[in-house]
Structure formats: C-alpha cells, structure tokens
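These are the residues of each chain, in order.
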Amino acid sequence: MTAALWSQWKSDRAAATEHAAHEARILASEVDDHISALQNLLSVLVQAVSYDPADRSANDALLRKVKRELSGFDSHIFLLDTDGNNIGTSASSDNRPPNARDRTYFREAMADHLPAVGDPILVRSGRWVVNVARPVKDETGKIRAVLTVGPVLDHFQDTLRLHGLPANTAISIINTRGYVIAANGGDWIGRRRADWGQLPGRIAAKEGSDTSRWSHRDNLERVNGFALARRVPWMVTVGVPTDIAYGALANRLKWGALMCGGTLAIAFAIAWLLSGRIVRPLRRLGMDAAVLAGGDFSHRTTVRTRDEVGTLASNFNQMAAALERRRQKVRTARGEMRQAKDTLATVIDTSHVAIVCCEPDQSIVLWSRGAERMFGYGGGEALGRQRMLVPPEGMAEAQALFQRAYGGETIRDLHVKRRRKDGALLDVRLAAAPMHNPDGTVRSVAFAYEDITDRKAAEEQLRRLAHYDQLTGLPNRALLQHELGRLLAKDGGKTPTSVVLFDLDEFKDVNDTLGHSTGDQLLIEVGRRLMGVAEERSLVGLASRLGGDEFVVILPNCGDPRCIREIVDLMLKRLNEPFVINDQVVHLGASAGIAIAPQDGADVEELIANADLALYQAKSAGGRNLRFFMPVLRAQAQARRSLGLELRRAFTNNEFEIHFQPQIRLSDNAVVGAEALLRWRHPQRGVLGPGAFIDTLAESAIASGVGRWIIRTACEQSAAWRGMGLPLARMGVNLFPSQAYNEALYQDVMEALRDFALPADALELEITENIALNPEDSAVLQRLHDKGVKLAFDDFGTGYASLSHLTRLPLSRIKIDRSFVGKITHDAHDAAIVRSLIAMAHNLDIGVIAEGVETRQQADFLLNENCEEAQGFLYAKPLPAAKFETYLRTQRLALQFADGLEPSGDDPVPFERRGTKSPGRRRARRA
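Keep in mind that what you see is a predicted model, and the values were worked out from it rather than measured.

K.L.:
Give a detailed account of the overall build of the protein chain, specifying residues and quantitative values.
P.N.:
Each helix and strand counted, the protein chain has 31 helices and 33 strands in total. Residues classed as buried in the protein chain amount to 46% of the 927 residues present. For the protein chain, contacts bridging at least 24 residues in sequence account for 61% of all contacts bridging at least 6. With the model as given, the accessible surface of the protein chain reaches about 44600 Å², and the carbon-plus-sulfur share is 52%.

Below you can see the structure in the form of structure tokens.
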C-alpha cells in the first residue's frame, strides 16, 4: 500500500506541474494570437498610410475609420515620423500623443527589431496600454515612419479570467524587463518586479515548471508552470497552490495510515464502497467525457460525491466550463477578425489606390476595386494570373522586385511602368510589403499601385516650362547655363567651346509696324534658321533664346576663329535673307558677339558676359556684323563703368554746366533761339564736351535726373534773359532716351515753365533718331505738344528714320545734321540730299534748321534753298551763360546799326560801321 501511495504521489505531482505548464502554454499561445492579429493589421495599414507630414489629415481620417469599423477594438493607432512626432492618429485632433522618441517600442521599430513592443504605459484615460509598432519604409528600405497599435491591457486580464483554475491560482504575464503586462489579483499591471529572481532562469528555459513562494502576493507556495510567448518576449506564469495541487494526495496518506490498522472485515465494506461509490461515478464521468469530446461543451456531469471522485467531477465541470468559454472566446475573436478584414476590405475597395496580393508563384489572389478601375481587368479576369500587368521590357525588374518583397523587405515610392488591359502604359507609384503567417513566415506579397500618369505629364510640362522658351521651343537661359557649365567642366575645362550671342537689328520696328504676333512668328523663324545652319554644318550645337530678340548658339569642341567666323557669317547671312511672315515680306539683320573658352572665360557667367561685350562692339560699329571678344573690350567696359561712377559724383558735386549756342534766322541774321548744350567742368581735365561722356551718361541711372536739371536750368536762364530785355523766341533742350517717353517728363516740363513764368512755345525739346525709332508711347510728347511745347528732330538723315517717323510724332522742326551741311558747297550728292530734306520738310509744313554752318558759302546755299535757320561756328561756338548774354547784346546792336538806329546807352559793344546792312538782309529784301 505504501508503494501504491508513493507511486500515486509522484503521479499527482507530475500531473500538477504538467497541468500548470499546460495552462501557461495555452495562455502564451493566446498572447501570440493577439500579437499576430495586431501585426497583420499593421502589415495592411502600412500600405495605406503616408509618411509625408503634409498628409496628416488624410492619415487621421483613415486611422479613425479603421478604429470605428473595428467595433470592440479598444486600442489607439498612431503614425509617428522618424523624430517621434505624431503625423496620424485614431484619437481626436486635440488628444494627439506626446513625442515618442524615448519610448522603447519606437526605438526598437527604428532599429528594425520585430516585433517592436514597448513597456506598459498609463494613458490619459487611466488605463494601461502596451504599444506594438512596425516601421514604414520607402522603396530603398529606409525607415520613414513608425505605425503603432496600442491595445488596452484589460484584454489580457479578460483572457486570464477565462480559465477555471482553482482558488488562489496566480497568473502573470511579464516582459523581459520585469514589467507586468497582466496579472490576476492585485494592482500589478505596469509595475516592475525587480525582486522576481526566477525570471532570468525562466526566460533562459523558455518553458517548464518549478515550485516557489509568491512573496509579493500572499507568501503561498505554488506549483508554477511557465512559457515564453513566441511572437513577443513575454513570460506567462501560472502558479497553483501546493495545498490544492497535492491536497488529494495528503488526504489519501492520512486515511491510508488509519486503514492500515483496520481489519479484514472492513475490506469487504471498502470493496462495496469502491464498487458503489467510485466505480459507477467513474463510469459516469467516462460517459460525460465522451459527450464533451463529441463537441457538446455545455454538458456537465451530475456526479456529486465528497471524495476524490467528487473532486474529479468538480474539476471535470470546471474544465468543461473553461472549454466552453474558450470556444466562445475563439468565436468572438474570429468575429472580430472577420470584422477587421471586412473593414480593411472596405477601406481598400473605396481607395483610389489599386491593391493586389500575390502568392509565392506570383499568381494573383486579391484584386481590389481600385485595381479594376485602374487597369481595366475585372476580378474574374485577374485572379490566378501571373505578371499580366508587367510590360515585356520590365519582366526582369518586376521579378527582382517580387523577390525583395517576398524576402521580407518593404518597398515604397518606386516609379514603374504597368500595362492596362487595353495595352496602354501607365506611370504608377508602387509599394510592396510581405504578408506574414502567425509563425512569422511570409505567405504572400501585397502591392499598392497609384496612377501618377497625369502627374508625370504635368511634371514634364513644368520641366519644359522651366527649361524651354515657350515661344520658340528653344532651351531657355536656365538650360543654357546648365549645358554650357557641363561643357566647360569637361576634361577639366581644356576642351574649347564657343559662345555666339546674337541680337536682332530693327526687330522693334517690326513689332511696332506689323504687330507682336508677326514679331513672335519672326522669332520662331530666327530660331529655326540658326538651328538649320548648325544642322547643315553637322554641328552638335545648342541654340537658345535668352529673351526678347537675343539668341545664343553654343559651338562645342570649336575653338578655331576662322571656322567660327565662317559659321557665324553664314548664320548672319541667313538672318539677312527676307522672311515671309503672314504674307508679309520682312527684312531683318543681326549682330553677333563671340567668346571662346577657355581663353575668353572659364565659367558660364564670364563667357556670356564677354560675348555680350563683343556684341556691344558689333552694334556700336553699325550692326549687321560680328566681333570676337578681345581683352581691350573688358577694359573699355570697365572704363565706361568708372566713367559712370565719376558722372554720379560730378552730378552730386554740381560739376555740370550749360553752354548755349545761338540759332540764327538766315533771312536777317537775327538770333531767334539757342540750344542748351551740356558741359562737364572736370576737376583735373578741365571743361569736357559731350562727346567724352554723353553716351555713358545717357545709359546711366542719373540720366533722368540730369535731364530734369538741364530743362530747369535752361528755362531759368531763358527767363532771366527775357527779364533783361533780351528775349529768345525759344530755348532748345536735348532729351535723353530714358526721358523721352517717361510720364515724369510732362510733369518736369510743366513745372519748369510754371516756376519761371515762361510760355510753352519758349521751350523746344529735341529728340534724336534712336528715340524716334522706338516710339513705344508718344502720348507724353503729344500732350506736351498740345500744351504748346515745340518738338524738334535732331540729326535727321543720319540713320534709319523714315517719313513715317515724321508723321507719327508732332514735330515742329527738323535739324539737318552737320555731316551733310559740311559738304554742300563741293559735293553735289550731299547738296542734293540737303535740298531734298528742305523740300520734304516744307511739304510737311515743318520748319528746318541746319547745324554745323561754318562758312558764308554754306549759309548762302541754305538761304537760297529757303532754309529758315542755321547754327554753327560761323555765328558762335557754344558759350557760357555770361558770354552768351554779351553775344546777345552785341547782335542786338548789330541789328540796330543794320537798320540805321543809334545804339542805346545800355549796349556794351559799339560797332565800327553804322548804318550798314547785313548781306543776308539785303538778299531777303531783294527776294
């Protein structure tokens, strides 16, 4: 009997420890089920969320929708950027989580350690949660965000209460750092138990059993079963009190000792008892177990005894109840999983993104509505097929991509080509991620496709807008600089490269006379002709439009000036040939400036600037020709800049002054006007004429200010002479090009006339031919003419002005240039030109004044041709105001003597011959 009891003791002990270990393994398996469900949820969600912080609102909407659809899913879902900041949440907008950079789960996810599970955290609602995270990666495998699900730990508590274990059974789930995830009895969740010395040994063993006292609870000794969950580093421990585990054995030892002193007579009673009270209940329990094994988990045994059989019956009923609860829990879990899958299916089908899942053999097993809309295949056509979306040229790439994803890599933002059912190719942005089984193995690969065909087309359009001229289709300045920089950097800058800068002559006149649409067509044809020459000469050149009427041609690997001259001469020749635009024949010319790298410049800006200097030289020489850059041009440009700075200083220091040259009426030699001419009293070089500085001054920023000062000074002096009794019919003032069509000119002139009390016809504004050729807006000059201010055309006949310019502007006088007047007495050709100009002006009812008259023969010729007025050295050089005043008084006396009058006492210059008349007056009277 003792041997039987000993055998029973060992059997009961082994059964108790095995039962505890079995319960621990079951509980660990349930933990794995929970974690697996969460990881599958994360695997799907990482394909739908965006790691771009700008998409936070879209992420919020998606995560909240998923949370709403998962009824009973008492968890939060967060999306965090790589700095731990929230960029998506299922919670309300005013309840965003704090920065998670120092959280355990975030650090593990950023280190790509899976599964990434954190320690318990007490959230604002007062409930404990544990975060399960998964990294979100781009197509290169770089982690761009972290997606986190935080279930409430009450779920694990509910799981513990499902087991019908004996009273005082202690259950706990602890992570490897000692934090309590779940425990029955006591408020232990979230606390760290550093005094549990058995934890390291249990983690090392992974599963097993032992006996220990749970001093932190009730100091009871328990038989413990423990098991380490597979998907998460959590240790599950089930401890049954030893007095319960071995209680039946202790009873048997006690009664066995008493029975040893009994008699054989009692043996018959015991046999009867065993037959009636043990064997029959055991048989009944056997039948009840068969019913339970048949699937009826609601069945309970009716055996009620007070011995071991009764305890066994009670345990049987507890086990049946536990199994029933387990089945109900499984059904609930399956329902929740089904609901989660339905929710995800709804999210996927309503998304514009196409979701496709493939088996290991790449056959399609999931085909979303978005895929149907995007690729044109119905679900029945797509399921089971392999690589039907991949064009032939992309097969190798698609195979490598699938292998990467099936190997566990998450791929994001990969741009590829995919084929529709109708054969059209789409530009798509692809993401791919593996789908895992509960044991961690990959079962399939999920692909997400976003159609970016329209976006690609828009990007290409933007690229063309950014790098190509919209009118001519030629590369613009940005692309030119990029390509030229690439050529200059080739071979360390040793390879020669030539830059030719073209500027069209007379293009502005085409725009003004034929309209801007004709001008645009002309620019397009210019670009074609330049490229046509490059193609004829088999040049790999690049023609570009810088803007306006400026073009650039790059000639790579070309540094021989003779070859370059031949090519550019041909281009200029083609541009000089007539253009036919909208049935209009248009004649055009061009000038070119050439710079050659590396000798003329090592970088883009320097080379183009030097070509521009050469172009400036070509245009200064009359246009329609070419010039190569020479270092002296840079020196001249620097000199112009220095002169410009010096002119600013001169204007500030009042170094400018006005000289006056008289304008004479040829019929009687009377002074009828004066021209105000600018002079510069230089502190070192003395008085400088306009030829030394006027061109630079006209192009400077102070031109308008100097022009305003000239007008006011001339008007002030004219008013002063009128006050002295020395009236002038008019005062001529030259305008700078920047003044001529500026609205401020009207205000400046009217203020000067008002301030010095002059009539409007006392002022005559003179414009040059370069101003007349560009009448962008003659309204200002017309308004001044309407007020009575006169307008004269200076240096007429020396350029390209035509009769149309004489009728387009409100002119009162033309001034014949000195270059014609100087040769009228010995050059029949120039004499004919002057005669024609005078006749033309009179036919248009415009007055004429000749400039540069230096001899009496020239004056007589002009008088005989009915030219009204003249100015030049024959009469006087430009004089300072004081000397001009003396000249006026002298001329006044001369006229008085010519008319036989006595000079007044105020006249400072007497004449030697009184009463003589000038030859001019005699001729006038004879006429």
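K.L.:
Please give an account of the nonpolar core that cites residues and values.
P.N.:
Counting 79 residues, the largest nonpolar core has Phe-693, Ile-711, Met-731, Val-733, Val-749, Leu-765 and Leu-862 as its most contacted members. In terms of residues, this core owes the most to one element, helix 21 (residues 703-723), which gives seven residues. Excluding anything up to four places from it in sequence, Met-731 contacts Phe-660, Ala-674, Ala-676, Ala-714, Ser-718, Trp-721, Ala-762, Leu-763 and Glu-764.

K.L.:
Give me the lowdown on the sheet that holds strand 18 (residues 497-505), citing residues and values where you can.
P.N.:
Think of a sheet as strands paired side by side through backbone hydrogen bonds, with each pair either parallel or antiparallel. Ordered in space as 19-20-18-23-24, the five strands form an open sheet in which the pairing is mixed. Pairing within the sheet leaves two strands with one partner each, and these edge strands are strand 19 (542-547) and strand 24 (626-628). The mean inter-strand angle of the sheet, taken between neighbouring strand axes irrespective of direction, is 20 degrees. Pairing of strand 18 with strand 23 (residues 589-597) involves nine bridges; the strand directions are antiparallel. The residue bridging Asp-505 from the neighbouring strand is Gly-589, located in strand 23. Its contacts with the sheet put helix 16 (residues 516-536) on strand 18, strand 19 and strand 20 (550-556), and the angle it makes with strand 20 is roughly 15 degrees.

K.L.:
Which residues make up the sheet that holds strand 11 (residues 220-228), and what values go with them?
P.N.:
The five strands are arranged 9-8-12-11-10 in an open sheet whose pairing can be described as antiparallel. Both outer strands of the open sheet, strand 9 (180-183) and strand 10 (207-214), are each paired with one neighbouring strand and no more. Recorded for the sheet is a direction-independent mean angle of 25 degrees between the axes of neighbouring strands. Here helix 5 (residues 198-205) sits on the sheet and contacts strand 8 (170-175), strand 10, strand 11 and strand 12 (234-241); the angle it forms with strand 10, its principal contact strand, is near 170 degrees.

K.L.:
Could you give me a rundown of unusual backbone geometry, with the residues and numbers involved?
P.N.:
The peptide bond linking Ala-597 to Pro-598 adopts the cis configuration, its omega dihedral lying at 10 degrees. Along the chain, Pro-598 falls in the loop between strand 23 and helix 18 (604-620). In this model, Arg-387 sits at a positive phi of 50 degrees, which is unusual for a non-glycine residue. Mapped onto the fold, Arg-387 is located in the loop between helix 11 (379-382) and helix 12 (395-406). Given the relative accessible area of 33%, Arg-387 is considered partly exposed.

K.L.:
An account of the pairing of strand 31 (residues 813-816) is needed here, citing residue identities and associated values.
P.N.:
Along strand 31, one buried face is formed by Arg-813 and Lys-815 and the opposite face, lined by Ile-814 and Ile-816, is buried too. Pairing geometry for strand 30 (residues 790-796) and strand 31, over three bridges, is parallel. Bridge pairing links Phe-796 to Ile-816 in strand 31. Relative to strand 32 (residues 847-851), strand 31 runs parallel, the two being bridged by four bridges.

K.L.:
Quick rundown of the environment of Arg-679? Include the residues and the values.
P.N.:
One can find Arg-679 in strand 26 (residues 670-682). Among the residues examined, Arg-679 registers a relative accessible area of 13% and is labelled buried. Considering only alpha carbons, one finds Arg-679 and Glu-657, 22 residues apart in sequence, at a separation of 5.3 Å. Leave out the neighbours within four places in its chain, and Arg-679 touches Glu-655, Phe-656, Glu-657, His-659, Val-687, Leu-688, Gly-689, Pro-690, Phe-693 and Pro-878.

K.L.:
Which residues make up the packing of helix 21 against helix 23 (residues 743-755), and what values go with them?
P.N.:
Where helix 21 meets helix 23, the axes come as close as 9 Å, and the angle between the chain directions of the two elements is 20 degrees. Between helix 21 and helix 23, the interaxial angle falls into the category roughly parallel. Read as a crossing pair, helix 21 and helix 23 show a hand that is right-handed. Residues Arg-708, Ile-711, Arg-712 and Cys-715 of helix 21 touch helix 23, and the partners they reach there are Leu-745, Asp-748, Val-749, Glu-751, Ala-752, Leu-753 and Asp-755. Broken down by class, the residue content of the contact of helix 21 with helix 23 amounts to six nonpolar, no polar and five charged.

K.L.:
Give me the lowdown on the environment of Arg-144, citing residues and values where you can.
P.N.:
Mapped onto the secondary structure, Arg-144 falls in strand 7 (residues 143-151). Spatially, the C-alpha atom of Arg-144 lies 9.1 Å from that of Leu-80, the residues being 64 residues apart in sequence. Residue contacts for Arg-144: discarding those within four places in its chain leaves Tyr-51, Asp-81, Thr-82, Val-136, Lys-137 and Asp-138. There is a polar contact of 3.3 Å between the side chain of Arg-144 and the side chain of Asp-138.

K.L.:
Help me get a handle on the side chain of Arg-529, residues and values and all.
P.N.:
For Arg-529, the position within the fold is in helix 16. Among the polar contacts made by the side chain of Arg-529, one reaches the main-chain carbonyl oxygen of Glu-577 at a distance of 3.1 Å. Those residues in contact with Arg-529 that lie beyond four places of it in its chain are Arg-574, Leu-575, Glu-577, Pro-578 and Phe-579.

K.L.:
Quick one: what's the story with a positive patch on the surface, residue by residue and with numbers?
P.N.:
On the surface, Arg-331, Arg-334, Arg-338, Lys-341 and Arg-443 cluster together into a positively charged patch. For Arg-331, the position within the fold is in helix 9 (residues 308-350).

K.L.:
Could you give me a rundown of the pairing of strand 30, with the residues and numbers involved?
P.N.:
Counting buried residues in strand 30 gives five out of seven residues, a clear majority hidden from the surface. The sheet contact formed by strand 29 (residues 763-767) and strand 30 spans four bridges and is parallel. Residue pairing across strands places Ile-767 opposite Phe-793, the latter belonging to strand 30.

K.L.:
Can you lay out the packing of aromatic side chains for me, pointing to particular residues and giving the numbers?
P.N.:
All told, the structure shown has 14 aromatic pairs when counted by the stated rule. Between the aromatic rings of Trp-367 and Phe-375, the centroid separation amounts to 6.1 Å while the plane-to-plane angle is 40 degrees, which identifies the pairing as tilted. The burial state of Trp-367 is the same as that of Phe-375; both residues are buried. Aromatic side chains Trp-680 and Phe-693 sit 5.6 Å apart centroid to centroid with 85 degrees between the ring planes, which places their arrangement in the edge-to-face category. With Trp-680 in strand 26 and Phe-693 in the loop between strand 27 (686-688) and helix 20 (694-699), the pair connects residues that are 13 residues apart, well separated along the chain. Note on accessibility: Trp-680 and Phe-693 belong to one class, buried. An aromatic cluster of three or more residues is present, and its members are Trp-367, Phe-375, Tyr-377, Phe-402, Tyr-406, Phe-447 and Tyr-449. The ring of Phe-579 carries Arg-529 above its face, with NZ or CZ at 3.6 Å from the centroid. Sitting above the plane of the Tyr-746 ring, Arg-783 keeps its charged end 4.0 Å from the centroid.

Definitions and cut-offs
- Residues numbered from 1 in each chain as written.
- Predicted model: local features only at pLDDT ≥ 70, side-chain atom pairs only at ≥ 80, totals over all residues.
- Heavy atoms only, no water.
- Helix = DSSP H or I, 4+ residues; strand = E, 2+ residues; numbered from the N terminus.
- Buried < 20%, exposed > 50% of the residue type's maximum accessible area, 1.4 Å probe, protein only.
- Contact = heavy atoms within 4.5 Å.
- Areas by Shrake-Rupley, 256 points an atom, 1.4 Å probe, with all protein chains shown as cover.
- Core = buried A, V, L, I, M, F, W, Y, C linked by side-chain atoms within 4.5 Å.
- Pairing = 2+ DSSP bridges.
- Axes fitted to C-alpha atoms, helices over the stretch in contact; angles between N-to-C directions.
- Parallel < 35°, antiparallel > 145°, perpendicular 65-115°, else oblique.
- Left-handed = near helix turned anticlockwise from the far one by under 90°.
- Nonpolar A, V, L, I, M, F, W, Y, C, P; charged D, E, K, R; others polar.
- Polar contact = N/O pair within 3.5 Å; in protein donor to acceptor, adjacent residues only side chain to side chain.
- Patch = residues over 30% accessible without salt bridge, like charges linked within 9 Å, V, L, I, M, F, W, Y side chains within 5 Å.
- Salt bridge = Lys/Arg side-chain N within 4 Å of Asp/Glu carboxyl O.
- Lys, Arg positive; Asp, Glu negative; His and termini not counted.
- Charge placed at Lys NZ, Arg CZ, Asp CG, Glu CD.
- Phe/Tyr/Trp six-rings, centres within 6.5 Å; stacked < 30°, edge-to-face > 60°.
- Lys NZ or Arg CZ within 6 Å of the ring centre and 35° of its normal.

From the geometry alone we can't say anything about function, so treat these as descriptive.
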